Amino acid sequence: AQKITQTQPGMFVQEKEAVTLDCTYDTSDPSYGLFWYKQPSSGEMIFLIYQGSYDQQNATEGRYSLNFQKARKSANLVISASQLGDSAMYFCAMIVTGGGNKLTFGTGTQLKVEL
Amino acid sequence: EAGVVQSPRYKIIEKKQPVAFWCNPISGHNTLYWYLQNLGQGPELLIRYENEEAVDDSQLPKDRFSAERLKGVDSTLKIQPAELGDSAVYLCASSLDGTGFDTQYFGPGTRLTVL
């Protein structure tokens, strides 16, 4: 079975600063995909970024980048130049081959961006 | 392009009453998912549809929960009778198809409160 661990229940960052949200995963499957989602207080889960286990380069999407360290089984999300609108809950999630396309989520990290 | 639509956004019912949630996926998405999100947790899969076929309902409590996806588009999730422990957010998601590591796009969710 696969597992996602997010050890930071809450994080604070000042506006315009960069922040790293931690995510470690556990799976015996060599083929998997890692996702980050943002959930603002409105409730919708917003897809941010994806990293495949065989991707050679770290994924980037605008201000979001994924620091993928396969040997350490970590997939940390880096948000550059934080904005007030980045305040939300952030979830790391994983899909494995043969897992029926089921997303396994971590418990999330609540990020608050301060002035 | 319209995203995943869910209704209602909020529902308050007395225990033992029935309740139904509706989801309309992104146009052209063949795979539809229902997730349950308890407070402070990441979402957990209840059921996955490929077109009109439920291909993974192993986590659906079938004694009180039922779902359908007639014609392979809209879907309805029902609880009858509701219990206090069913208070949670019910999220619907869709993806293009269920193969590979397909990105799932979520709706705003239905927040259920059972009194």
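Everything in this summary refers to the structure shown in the same document. Because the structure is predicted, anything quoted here is derived from the model rather than measured.

**Describing the overall build of chain B**
Looking only at helices and strands, chain B has zero helices and eleven strands in total. For chain B, the α and β elements follow one another from N to C terminus as β-β-β-β-β-β-β-β-β-β-β. A compact globule built from 115 residues would reach a C-alpha radius of gyration of about 13 Å, and chain B, at 13 Å, matches this within 12%. Each principal axis of the C-alpha atoms in chain B carries an extent, and together these give about 40 × 25 × 25 Å. Residue burial in chain B is summarised as follows: out of 115 residues, 48% are buried. Separation between the mean location of the 11 positive side-chain charges and that of the 15 negative ones in chain B comes to 9 Å.

**A few points about the pairing of strand E9 (residues 74-79) of chain A**
Residues and elements named next belong to chain A. Within E9, five of the six residues are buried, which leaves the element mostly enclosed by the surrounding structure. Looking at chain direction, strand E8 (residues 64-69) and E9 are connected through six bridges and run antiparallel. Looking across to E9, one finds that Gln 69 is bridged to Ser 74. Connecting E8 to the antiparallel partner E9 that follows it, the hairpin turn spans four residues, and Lys 73 within it adopts a positive phi of roughly 55°.

**Details of the interface of chain A and chain B**
Interfaces are often sized by the accessible area lost when the parts come together. Facing 23 residues of chain A, the contacting portion of chain B comprises 23 residues. The interface formed by chain A and chain B contains zero salt bridges. On inspection of chain A and its partner chain B, the count reaches four residue pairs in polar contact (both at pLDDT 80 or more). Listed by contribution, the elements that provide at least two residues to the side of chain A that touches chain B are strand E5 (32-39), strand E6 (46-52) and strand E10 (88-96) of chain A. Here the element with the most residues in the side of chain A that touches chain B is E5 of chain A; it accounts for five residues.

**Focus on unusual backbone geometry**
Residue and element names in this part refer to chain B. Residue Pro 8 is reached from Ser 7 by a cis peptide bond, and omega for that bond is -10°. Structurally, the position occupied by Pro 8 is in the loop between strand E1 (5-7) and strand E2 (10-13). The residue after Gln 80, namely Pro 81, is reached through a cis peptide bond having omega -5°. Within the fold, Pro 81 resides in the loop between strand E8 (75-79) and strand E9 (88-95).

**A look at the state of the cysteines**
By the definition in use, this model includes two disulfides over all chains. The disulfide partner of Cys 23 of chain A is Cys 92 of chain A, and the S-S distance across this bridge is 2.0 Å. Classification of the bridge connecting Cys 23 of chain A and Cys 92 of chain A rests on its S-S torsion, roughly -60°, and on that basis the disulfide is left-handed. One end of the pair, Cys 23 of chain A, is in the loop between strand E3 (19-21) and strand E4 (24-26); the other, Cys 92 of chain A, is in strand E10, and 69 residues separate them in sequence. Per residue, the accessibility class of Cys 23 of chain A equals that of Cys 92 of chain A, and both read buried. Across a sulfur-sulfur distance of 1.9 Å, Cys 23 of chain B and Cys 92 of chain B are joined as a disulfide pair. One quick way to see it: the torsion about the S-S bond of Cys 23 of chain B and Cys 92 of chain B is about -70°, and its sign makes the bridge left-handed. With a gap of 69 residues between them, Cys 23 of chain B in strand E3 (residues 19-24) and Cys 92 of chain B in strand E9 connect regions that are remote in the sequence. Each member of the pair, Cys 23 of chain B as well as Cys 92 of chain B, carries the same accessibility label: buried.

**Structural notes on the pairing of E9 of chain B**
All names here are of chain B. Counted residue by residue, E9 has eight buried out of eight residues, so it is predominantly covered. Because side chains alternate across E9, one face comprises the buried residues Ala 88, Tyr 90, Cys 92 and Ser 94, and the other comprises Val 89, Leu 91, Ala 93 and Ser 95, equally buried. Summarising the sheet, strand E4 (residues 31-37) and E9 pair through seven bridges and their orientation is antiparallel. Bridged to Thr 31 within E9 is Ser 95. Relative to strand E11 (residues 110-114), E9 runs antiparallel, the two being bridged by three bridges. Residue Ala 88 lies in a different strand from E11, and its bridge partner there is Leu 112. Inspection of the sheet shows E9 paired to strand E10 (residues 105-106) by two bridges, in the antiparallel sense. When the bridges of E10 are listed, Ala 93 appears paired with Phe 106.

Procedures and definitions
- Residues numbered from 1 in each chain as written.
- Chains lettered and ligands numbered in written order.
- Predicted model: local features only at pLDDT ≥ 70, side-chain atom pairs only at ≥ 80, totals over all residues.
- Heavy atoms only, no water.
- Helix = DSSP H or I, 4+ residues; strand = E, 2+ residues; numbered from the N terminus.
- Rg over C-alpha atoms; globule rule 2.2 N^0.38 Å.
- Buried < 20%, exposed > 50% of the residue type's maximum accessible area, 1.4 Å probe, protein only.
- Lys, Arg positive; Asp, Glu negative; His and termini not counted.
- Charge placed at Lys NZ, Arg CZ, Asp CG, Glu CD.
- Pairing = 2+ DSSP bridges.
- Contact = heavy atoms within 4.5 Å.
- Salt bridge = Lys/Arg side-chain N within 4 Å of Asp/Glu carboxyl O.
- Polar contact = N/O pair within 3.5 Å; in protein donor to acceptor, adjacent residues only side chain to side chain.
- Disulfide = S-S within 2.5 Å.

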